[in-house]
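In case you want the letters, here they are:
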Amino acid sequence: MNIIGRLTKDAKVYTTSKDKQVVNFSLAVNDSYRNKQGERIEQTAFFDCAYWLSTGVAQHLTKGTLVELSGRVSARAWTNANGEIRAGLNFHTSEIKFYTGSKKSQTSQDTAGSENSNVVAYGITDDLPF
């Protein structure tokens, strides 16, 4: 699945009890449509995202940054301290593309540190079967 949205706050790196590091961040994805009456309806979905492949990307994941994520989504439900039932969406990220103002597009493997690229992708592997 691919989603495009903006970070709601700066990413944070956490270390698990098994000494693995994960980058956690939240993404807001906007959607709009017209209802039967012709009114424009705006909706925002929030995803709690986890990226396990490299912690170096965390410095680029700052509030307001526009990114495209590839990965898989899962839902979760819980009861909070006040007894209210809550639900949320998790996005297990396998690839991150950053969008900036330029028209050029390159991957992180091609442009490590390039400032003029439109897209910088993290998590690309060379395991294609052909």
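Residues numbered from 1 in each chain as written. Predicted model: local features only at pLDDT ≥ 70, side-chain atom pairs only at ≥ 80, totals over all residues. Heavy atoms only, no water.

Asker: Please clarify how the overall build of the protein chain should be interpreted in this entry.
Answerer: If you tally the helices and strands in the protein chain, you get zero helices and seven strands. Secondary structure elements of the protein chain, listed N to C terminal, follow the sequence β-β-β-β-β-β-β. For the protein chain, with 130 residues in total, the buried portion stands at 30%. Once local pairs closer than 6 in sequence are excluded, the contacts in the protein chain between residues at least 24 apart make up 50%. (Helix = DSSP H or I, 4+ residues; strand = E, 2+ residues; numbered from the N terminus. Buried < 20%, exposed > 50% of the residue type's maximum accessible area, 1.4 Å probe, protein only. Contact = heavy atoms within 4.5 Å.)

Asker: What is the right way to read the pairing of strand S4 (residues 40-51) from this model?
Answerer: Put simply, side chains in a regular strand alternate between the two faces of the sheet. Taken together, the twelve bridges between strand S3 (residues 21-34) and S4 define a ladder with antiparallel strand orientation. Across the sheet, serine 32 pairs through a bridge with glutamate 42, a residue of S4. Counting the residues between successive antiparallel strands, the hairpin from S3 to S4 contains five residues, one of them, glycine 38, with a positive phi of roughly 85°. Across five bridges, S4 lies against strand S6 (residues 85-99) in parallel orientation. Its bridge partner lying in S6, tyrosine 51 is registered against threonine 93. (Pairing = 2+ DSSP bridges.)

Asker: Teacher, can you tell me more about the environment of alanine 58 here?
Answerer: Note that alanine 58 resides in the loop between S4 and strand S5 (66-79). Using a relative accessible area of 13% as the deciding quantity, one classes alanine 58 as buried. Remark: the alpha-carbon pair of alanine 58 and phenylalanine 25, spanning 33 residues in sequence, is separated by 8.8 Å.

Asker: Got a minute to help me understand the packing of aromatic side chains in this structure?
Answerer: Given two aromatic rings, one states the distance between the centres and the angle between the planes to describe the pair. Tallied over the entire structure, the rule returns one aromatic pair. Relative to phenylalanine 91, the ring of phenylalanine 47 has its centre 6.1 Å away and its plane inclined at 85°; by these criteria the two rings are edge-to-face. On the criterion of sequence distance, the pair formed by phenylalanine 47 in strand S4 and phenylalanine 91 in strand S6 is long-range, its members being 44 residues apart. Across this residue pair, the class does not change: phenylalanine 47 and phenylalanine 91 are buried. (Phe/Tyr/Trp six-rings, centres within 6.5 Å; stacked < 30°, edge-to-face > 60°.)

Asker: Explain the pairing of S3 to me, please; I cannot follow it from the model alone.
Answerer: Pairing of strand S1 (residues 2-7) with S3, which is carried by two bridges, proceeds in the antiparallel orientation. Paired with leucine 7 across the strands is leucine 27, a residue of S3. Where strand S2 (residues 12-15) and S3 come together, four bridges link them in antiparallel fashion. Considered in S3, the bridge of lysine 12 is made with asparagine 24. Two successive antiparallel strands, S2 and S3, enclose a turn made up of five residues, where aspartate 19 displays a positive phi of approximately 60°.

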